[in-house]
Amino acid sequence: MAVLRFFPPFSPVVSAKIHAVVLFNICDCYVRRPDQADRVIGTLLGSVSDGVVEIKNSYAVPHNESADQVALDVDYHRNMYLSHLKVNPKEVLVGWFSTGFGVSGGSALIHEFYVKELKEAQSSIPPIHLTVDTRFKNGEASIKGYVSSNLSLGDRPLAAQFQEISLDLRMIEAERVGFDILKTTAVDKLPNDLEGMEASMERLYSLLDEIYKYVDDVVEGRVTPNNDIGRFLADTLASVPRMSTAAFDKVFNDKIQDNLALVYLSSLVKTQLGIAEKLNTAAQIL
Amino acid sequence: MANTMPRSFLQAAATSEEVAPPLRVVQIEGLAVLKIIKHCNEFLPSLVTGQLLGLDVGSVLEVTNCFPFPIREEDEEIEADGANYQLEMMRCLREVNVDNNTVGWYQSTLMGSFQTVELIETFMNYQENIRRCVCIVYDPSRSAQGVLALKALKLTDSFMDLYRNNNFTGEKLREKNLSWVDIFEEIPIKVSNSALASAFMTELEPELPVKQCDYDRLKLSTAPYMERNLEFLIDCMEDLSAEQNKFQYYYRNLSRQQAQQQTWLQKRRVENMARKAAGEEPLPEEDPANPIFKPILEPSRVDSYLITNQISNYCNQINGVATQSFNRLYLMKALHED
């Protein structure tokens, strides 16, 4: 009995979001590529929702490329895919990446392969092709994402057209870690609580300074006022809760007292630990 | 004459391996840091582990990549699966020129409560195969407060020797002067990035002057975090007092047993004197068959040490968060006065 497989038509992809990890991984794979390879090719994993593809993970796939032929190690790709699925079954195949500027002839073939893979997996979106320009060809870092549509005349497929889609770099995790750590080639020490606090407060301070300067400039007529900014500032200032001094003082003192109590408690516990340890090890069998 | 003779090649090769410089710094790549954070955050609130790969260079342990472990159910047949997964991943990563060398593992933790016996066991397992291994602990809840809570831990050598011999009596510990701070050794972390990655980051850094970490740090509500910390602290204190009770019980039993032994010995001696007077052979002064001579096992102190470690960790965390709140509160006060 023949089983009829229904391939659902691909729904349109509007844009893609890339997590910072993916970018780092691609850079790392490029740096580690074998000597004779010109570029690195790999698979992208992620999830889809509402026409927005979120690219969360990636891995490189070894390949051989010559003038007119491209050979991709399919077994490797499938093995890694299964391994990754074991860890996180929600991260599915969403496309592939290659380093290098623009789309080349060989890319179309590879893209075909990924289209087939996605169809096998009954996915509802077309594969995304991500190019990361590691050579900084135009003097800037360009990361582009493409979706392909097949151009055909009647029954004969002519060419594949790669359309660029808008990309959104999701750097929230990178921001959390701190760009300073990720930007330089070496960081000597991870900042601890207080240093981080200091840095944040400095930034806040400089922001406030800028706002002051701007407001002063507008009042003195040096800068044309921008209504939007003005309204935004007014909204922000209004969102600071208005409390009478007495009420604020009370709340403030309560909080301070709570914190002091906690600090006292923790030092008490530490003293207790010291005593307990002395008792435990100093006790001798007479 | 032995000094002037040139050393044979074998001797030279043998002695150069003897001295391994102590581990001073763990150098992680930004890629590994991001991967660890992503993996731990994805699976909150369950705890996850993964493997670290890298190189061991002199006194620096470089971690260049990592991969996560799937969540294992408690089933014997899945054990083999887990080992297969690891081998498969290592093989695949080697094909793309990633460092294939295991240098440790990472795990996520809840509120900093990672000091358990399992951790020590895992350490011992790893230490048998790899000369230098490190455990990286990531605390997602503390990172939500704005600090990158990443720690690199290692067991101290003296502790490992003691643990191997399973010898945790009070005397041994006093001999080696080993207290609860000496179990784990925290190693400072350095982060490094490849030039390409740093170039990309510099280009792509969004122009915002204020970043997410600032938002996290300047948040005023720390109550839930503190509350959970205190809860854990209280639980640990209860455990600690239970452990101390165990010790007290042991000492009481021991002294009671000794008292019993003394009385028994006295009786024996009196009996022997009577026998000597009657001309019979004296009975031996020891009687291993008597249950009061059975040696009582001293309870191991590992647990109490671990609990002590955990408690001190919680205390430190509370201190840290309280300090931050002070800063924030005074900042609020200053703003309000305007």
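Residues numbered from 1 in each chain as written. Chains lettered and ligands numbered in written order. Predicted model: local features only at pLDDT ≥ 70, side-chain atom pairs only at ≥ 80, totals over all residues. Heavy atoms only, no water.

As recorded in an unreviewed UniProt entry, chain B goes by Eukaryotic translation initiation factor 3 subunit H and comes from Zingiber officinale. Regarding chain B, the UniProt comment filed under Subcellular location (unreviewed entry) reads as follows: "Cytoplasm". Listed under Sequence similarities (unreviewed entry) in UniProt, the entry text for chain B is "Belongs to the eIF-3 subunit H family." (UniProt positions renumbered as here; feature names shortened; annotations may be inferred.)

The name given to chain A in an unreviewed UniProt entry is Eukaryotic translation initiation factor 3 subunit F, and the organism recorded there is Zingiber officinale. The Subunit (unreviewed entry) comment attached to chain A in UniProt states, word for word, "Component of the eukaryotic translation initiation factor 3 (eIF-3) complex."

Engineer: Just checking my understanding: could you explain helix α4 (residues 117–129) of chain B for this structure?
Structural biologist: Since there are 3.6 residues in each turn of an α-helix, residues three or four apart along the chain are aligned in direction. Under the 1.5 Å per step criterion, the end-to-end length of α4 of chain B is 19 Å for 13 residues, consistent within 8% with the ideal 18 Å. Restricting attention to buried positions, one finds in α4 of chain B the residues Leu119, Ile120, Phe123, Met124 and Tyr126 of chain B. (Helix = DSSP H or I, 4+ residues; strand = E, 2+ residues; numbered from the N terminus. Expected span 1.5 Å × (residues − 1). Buried < 20%, exposed > 50% of the residue type's maximum accessible area, 1.4 Å probe, protein only.)

Engineer: When you look at the nonpolar core in this model, what are you seeing that I'm missing?
Structural biologist: Soluble globular proteins tend to pack their nonpolar side chains together in the buried interior. In this structure, Tyr114, Leu130 and Ile143 of chain A together with Phe67 and Phe200 of chain B are the most contacted members of the largest nonpolar core, which totals 57 residues. Looking at this core element by element, the count peaks at nine residues for helix α1 (residues 20–31) of chain A. If sequence neighbours within four positions are ignored, Phe67 of chain B has contacts with Gly50, Gln51, Leu53, Tyr85, Gln86, Met89, Met90, Leu93 and Tyr106 of chain B. (Core = buried A, V, L, I, M, F, W, Y, C linked by side-chain atoms within 4.5 Å. Contact = heavy atoms within 4.5 Å.)

Engineer: Explain unusual backbone geometry here, please?
Structural biologist: Trans is the prevailing form of peptide bonds, just as negative phi is the prevailing case for residues other than glycine. All names here are of chain B. The phi angle at Asn97 is positive, at roughly 65 degrees, despite the residue not being glycine. One can find Asn97 in the loop between α3 (76–95) and β4 (102–108). On the accessibility criterion, Asn97 (36% relative accessible area) is partly exposed.

Engineer: I would appreciate a short explanation of the pattern of salt bridges in the present structure.
Structural biologist: Between side chains of opposite charge, pairing is possible as soon as their charged atoms come close. Applying the stated criterion across every chain, the model contains ten salt bridges over all chains. A salt bridge links Arg32 of chain A to Asp99 of chain B; its shortest N-O distance comes to 3.7 Å. With Arg32 of chain A in the loop between α1 and β2 (41–49) and Asp99 of chain B in the loop between α3 and β4, this residue pair bridges two chains. Take Arg32 of chain A and Asp99 of chain B: they sit in the same class, and that class is buried. Of the charged contacts, one joins Asp254 of chain A and Lys250 of chain A as a salt bridge, the two residues approaching to 3.4 Å between their closest N and O atoms. Of this pair, Asp254 of chain A and Lys250 of chain A both sit in helix α8 (residues 245–282), four residues apart, roughly one helical turn. Since its relative accessible area comes to 35%, Asp254 of chain A is described here as partly exposed. Here Lys250 of chain A falls in the exposed class, since its relative accessible area comes to 55%. Taken together, the salt bridges that share partners define one network made up of Asp28 and Arg32 of chain A together with Asp99 of chain B. (Salt bridge = Lys/Arg side-chain N within 4 Å of Asp/Glu carboxyl O.)

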